[in-house]
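Descriptive structure summary
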Amino acid sequence: MTATAGKEIPGSIRDLPLALRDSVDLWFRHLLKDRSLQAGWSANEDASRNLLRLVACSEFAGSTALRDWEWFADAALGGRLAEPPRTAVRHVALEGDGSDAVKRRLRQFRNRKLLHILWRDLAGAATVAETLSSLSALADSLIRAATGYAEADAASRFGKPRDKDGREMRIVVLAMGKLGGRELNFSSDVDLIFLFPGDGETDGKRQLSAQEYFTRLSRTIVALLDEVTKDGFVYRVDTRLRPFGLSGPPVVSFGALESYLLRHGRDWERYAYVKARVVETGEDGDLAAELMQQVIHPFVYRRYLDYGVFESLREMKALITKEAKKRKLQDNIKLGPGGIREIEFVVQSLQLVRGGSDRKLKTPSLRQALQHLGRTGAIGVMEAETLLNAYDFLRRLENTIQAIRDQQVHDLPAKAPDQDRVALAMGYRSWTSLLDDLQEARQDVATAFAEVAFRGADAPRPDADDPVAELWNTAAEKDEWEAALARLGYAESVELASALVAFSGSGGVAQLGKAARSRLRRFIPALLSALRDRSQPAVVLKRVLGVVEHVIRRSAYVALLNENPVVLDRLVDLCETSAWLAEEIGRYPLLLDELLDPRLYTAPLTRENMLAELQRRLDSLPSPESEQQIEVLAQFQRAALFRIAVADVTGNLPIMKVSDRLTELAEIVLSRTLSIAWQDLASRHGRPVVRGEQGPRPAGFGVIAYGKFGGMELSYRSDLDLVFLHDGHGSDQNTDGPKPLENSMFFVRLVRRVVHFLTTQTHSGALYEVDTRLRPSGRSGLLVTSVEAFERYQEENAWTWEHQALLRARPVAGSATVAREFERVRAETLKERVRRDRLPNDVKEMRARMRDRLDKSDGERFDLKQGEGGIGDIEFLVQYLVLENAGTHPAVIHYPDNIRQLGTLAAAGCLDGEVVARLQDIYKRYRLRLHRLALDEKPPFAASGDFVEEREFVVSVWNRVLLAAPE
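Residues numbered from 1 in each chain as written. Predicted model: local features only at pLDDT ≥ 70, side-chain atom pairs only at ≥ 80, totals over all residues. Heavy atoms only, no water.

Section: the overall build of the chain
Each helix and strand in the chain was counted, giving 42 helices and 19 strands. Taken along the three principal axes of its C-alpha coordinates, the chain extends 125 × 90 × 65 Å. A total of 967 residues make up the chain; the buried ones form 56% of that total. Taking all contacts inside the chain whose residues are at least 6 apart in sequence as the whole, residues at least 24 apart take part in 73%. Element-wise, carbon and sulfur atoms account for 48% of the exposed surface of the chain, whose accessible area totals about 42400 Å². When the 134 positive and 138 negative side-chain charges of the chain are each reduced to one mean point, those points stand 4 Å apart. (Helix = DSSP H or I, 4+ residues; strand = E, 2+ residues; numbered from the N terminus. Buried < 20%, exposed > 50% of the residue type's maximum accessible area, 1.4 Å probe, protein only. Contact = heavy atoms within 4.5 Å. Areas by Shrake-Rupley, 256 points an atom, 1.4 Å probe, with all protein chains shown as cover. Lys, Arg positive; Asp, Glu negative; His and termini not counted. Charge placed at Lys NZ, Arg CZ, Asp CG, Glu CD.)

Here we look at unusual backbone geometry
A positive phi angle, close to 55°, is found at Arg182, a residue other than glycine. Among the structural elements, Arg182 can be located in the loop between α9 (177-180) and β5 (190-196). We note that Glu492 has phi near 55°; this positive angle belongs to a residue other than glycine. In this structure, Glu492 sits in the loop between α21 (478-487) and α22 (493-504).

A few points about the sheet that holds strand β11 (residues 695-698)
Taken in spatial order, the three strands of this open sheet run β11-β10-β14, and their pairing is antiparallel. Of all the strands in the sheet, the pair left with one neighbour each is β11 and β14 (732-735). Across the sheet, the mean angle separating the axes of adjacent strands is 25° when strand polarity is ignored. With four bridges joining them, strand β10 (residues 688-692) and β14 adopt antiparallel strand pairing. When the sheet's bridge partners are listed, Val689 is paired in β14 with Asn734. On top of the sheet, helix α34 (residues 743-759) reaches β10 and β14; it is set at about 155° to β10, its chief contact. (Pairing = 2+ DSSP bridges. Axes fitted to C-alpha atoms, helices over the stretch in contact; angles between N-to-C directions.)

Details of the confidence of the model for the chain
Of the residues in the chain, 91% reach a pLDDT of 70 or more, and the chain-wide mean stands at 87. pLDDT under 50 marks residues 1-10. Its contacts with residues more than four places away, or in other chains, come to 24 contacts. Contacts for the low-pLDDT stretch residues 456-460, under 50 throughout, to residues beyond four places or in other chains number 10 contacts. (pLDDT = per-residue confidence, 0-100.)

Quick look at the pattern of salt bridges
A complete count under the given rule lists 61 salt bridges for this structure. Between Arg266 and Glu269 there is a salt bridge; the shortest N-O distance is 3.3 Å. A relative accessible area of 43% places Arg266 in the partly exposed class. The closest approach of N and O atoms between Asp358 and Arg616, which form a salt bridge, is 3.7 Å. Taken as a pair, Asp358 in the loop between α15 (340-354) and α16 (366-376) and Arg616 in helix α30 (residues 607-619) lie far apart in primary sequence, 258 residues in all. Residues joined by salt bridges that share partners form a network here, namely Asp358, Glu594, Glu613, Arg616, Arg617 and Arg643. (Salt bridge = Lys/Arg side-chain N within 4 Å of Asp/Glu carboxyl O.)

Comments concerning the environment of Ala126
By the element assignment, Ala126 lies in the loop between α7 (99-122) and α8 (128-158). On the basis of relative accessibility, which here comes to 15%, the residue Ala126 falls in the buried class. In this structure, the C-alpha to C-alpha distance between Ala126 and Phe299, residues 173 residues apart in sequence, is 36 Å. In contact with Ala126, other than residues within four places in its own chain, are Arg120, Asp121 and Thr131.

Quick look at the side chain of Arg775
As for its placement among the helices and strands, Arg775 is situated in the loop between β15 (770-771) and β16 (784-786). Among buried charged residues, Arg775 stands out as having no salt bridge; its nearest opposite-charge side chain is Asp771, 6.7 Å away. Not counting the four nearest positions on each side in its chain, Arg775 is found in contact with Val723, Gly781, Leu782 and Leu783.

Some details on the side chain of Arg543
Tracing the chain through its elements places Arg543 in helix α25 (residues 537-551). If we skip the residues at most four places from it in the chain, Arg543 touches Cys575, Glu576, Thr577, Ser578, Ala579, Ala582 and Asp936.

Points about the pairing of strand β12 (residues 701-706)
Burial within β12 is extensive, with six of its six residues counted as buried. Neither face of β12 is exposed, since Phe701, Val703 and Ala705 on one face and Gly702, Ile704 and Tyr706 on the opposite face are all buried. In this sheet, strand β13 (residues 720-726) lies alongside β12 in antiparallel orientation, the contact comprising six bridges. Across the sheet, the residue bridging to Phe701 is His726, located in β13.

Topic: the packing of α16 against helix α17 (residues 381-403)
Where α16 contacts α17, the axes come no closer than 8 Å and their chain directions differ by 160°. Taken together, the axes of α16 and α17 lie roughly antiparallel to each other. For the pair α16 and α17, the crossing hand works out as left-handed. Note on element contacts: α17 touches α16 through Val381, Ala384, Leu387, Leu388, Tyr391 and Asp392, opposite Leu366, Arg367, Leu370, Gln371 and Gly374. (Parallel < 35°, antiparallel > 145°, perpendicular 65-115°, else oblique. Left-handed = near helix turned anticlockwise from the far one by under 90°.)

Thoughts on the packing of helix α28 (residues 579-587) against helix α31 (residues 626-649)
Running from N to C, α28 and α31 cross one another at 155°; their axes reach a closest spacing of 11 Å. With respect to their mutual orientation, α28 and α31 come out roughly antiparallel. Classified by chirality, the crossing of α31 by α28 is left-handed. Contact with α28, carried on its side by Trp580, Leu581, Glu584 and Ile585, involves Arg638, Leu641, Phe642, Ala645 and Val649 of α31 and no other residues of that element. Here the residues of the contact of α28 with α31 are counted per class, giving seven nonpolar, no polar and two charged. (Nonpolar A, V, L, I, M, F, W, Y, C, P; charged D, E, K, R; others polar.)

Thoughts on the environment of Ala425
For Ala425, the location among the structural elements is in helix α18 (residues 416-426). Taking the C-alpha atoms as reference points, Ala425 and Thr904, separated by 479 residues in sequence, lie 77 Å from one another. Ala425 has contacts with Arg53, Cys57, Leu122, Arg396 and Thr400, leaving out every residue within four places of it along the chain.

The following block contains the structure:
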């Protein structure tokens, strides 16, 4: 304690920096010479210490506390400053006073709350995030109070505004900037846009149009907040972000805002509207959601990857840098190098790029967006943490500077007293040590900004001396291209020239706008540079240009390739390897996003990973509507299929594992589709229930996979052969919902909905083609069958070929009870119901008919599927042996796939082990060749000279087994 004028001074002024002691000492002198003020203060040591720190760091806090000492002295007892009661601001508009009284109460509450927030910050009781959130919540509450008073006042004179249907309309206050992100500064403007739903008029004696009413209302709100009175102001209100700025109307309708954004919205406004948030002033949550989802988000977030953002980011950064140099903003922690604005640009740019497909990035909160970007790998986890730490440091520093005098400043203080105030508030021993940490934080920010904004800046760029760029820019003729490319050392220069001229003269290129043409001018030289050392550059060029032709009207995809040279290299690699992959990327450009992932060639492909990725995508949906879920499901399926194919063509996944992953993917998609369809129907009709002597029980439904799906041998374009079963039986079968259906009708509708979801064309294509002809009685049979009827059919009516099909059948989705029942029926049928006396003839006749109808082999090519000695012969051979031996060796029916069925035949002694091993090897080699042909968009044929020994071996086994079988 130190003494001044004979009085005891709380705290230790001597511990303060020298430059602050006199001003603090003077403050306490002023306090203690006034008996009325002195009498109000009786605090403990913690309260004294916190008061000393508050007065030393903020002149605004010191003067405000003295002016409102009665409240302050009472609130600050016990070492913490009590929060002003929230009812104080809620009652601003309810006490019947005029606007002057309302203004006074708004300003008083604002100052008291600022003291409370600053006290907690300086005492170390609040994090930076909590401080910013508290400052924003304060602004929201004051805006709501001002709006409530303004509405009540206007209603007393004009009545309430109503639309043409008589519904009341409320003003909508759109918070922008830091208030929108709930990251408001201590002494910040509030950026507001005033909106209203649409046309209408008031219902009072003096009627006003909706436009005039809401214009008056918005001006009243601004005056309540912005006007400077003897009590100060609440907030400086900035409305320049509204449509057409200061030249536009002060308030606009939703429709006018939508029209403006569609026709006139500029790149910088997309950045601005990332921070848009409705300040809810009542029961207007639905209205706020409508505005955000239908008007603002479609403008801000593109449905596709928007890498054109980085071009506009660099342009804006260049303008800001120029302005910073002109205004000498090196000490400005907001606009200067490595400042807050650069962090905002980094995060908002990535939000604009990815927010269209990731709901969690559609947030005005920088903190939430940055953390999510780190979690999802859009930026490194450490980079996200470093940026967040720098952001917290810079924002706390900014707030500390502004709290000195309640001024909206962003420059580092130039004079010693203020420097000492800032160092003390931030917990530093000296201004110099604070500057050291500030420099480190700004360098971290500058580095991160450069990595994001200039990620593609080092890619090859055309210049005046680049012959390829010159040829493209001058629309060179074919012979000019050919000569230049040959001179530059390109192989296949004739074919390259033809492809380039055809592309440059295409209708899509001719109709491009200025921005797209600029992006293409940069892209073509980079593409040709990537093709220089390829063995078949013309083939690759045609495939890559085919992709570009599909996406050229949305040239942000070209910008993506320009911004990410590694993505261009990966695209070229994949187009060189696979025509199918090139076609997939062209048809579904969202797959380009997959090329951004550095784990593309290394990340393990597992069922668990695929399930987690699907859930992540579904979690990003704004609503659980089935159509949106199916669209996300299609996007997920395309991406997963693409990654499997990449692993296949790069040799990172063996052929059998490729089929396993493709099969698991189909199972995941089918299971989710069934869940969506079931939920749709159950929400209207309830669940199907069977009521019998044992009481009610749920009726089960199951999906059975046949063919390649059942045999876990799916390829890239395989259909799904499906059969649908249920276990409902009993006299009373109805659903238990408000609109009950008979169970069989429920299941029929369920199947139709599942098939519709699987086969419908979404923006990302159809999920799968579905074939239901393997159900009992084929096309003439019921779409969904009870387990009892299915078993009866297998016993009484099934043909041998249907028993062959049953070998490759298994449950893949739905009820576990139905799955168990199907497995029982399958086992009993294959063991006991096969007509073995006619089995050899049936199998041989069926194989012969198939070969006659389907085999496309000739003198030059061998049909891998249907040719003699091919895959079909192996499959029929295995099916015959399993059916023949199932009665005496039940283990042979355990697996549904050919490879493992062969293994069980060897284990049971039904076929020689060496023969089995050779057949398995041949089967895998055939399958591998088929996969490669499918990926290169080629028919399933090998040259007639290929696989000669393999074919002869398969034919020899066929003859030995089936021709020797009894007739």
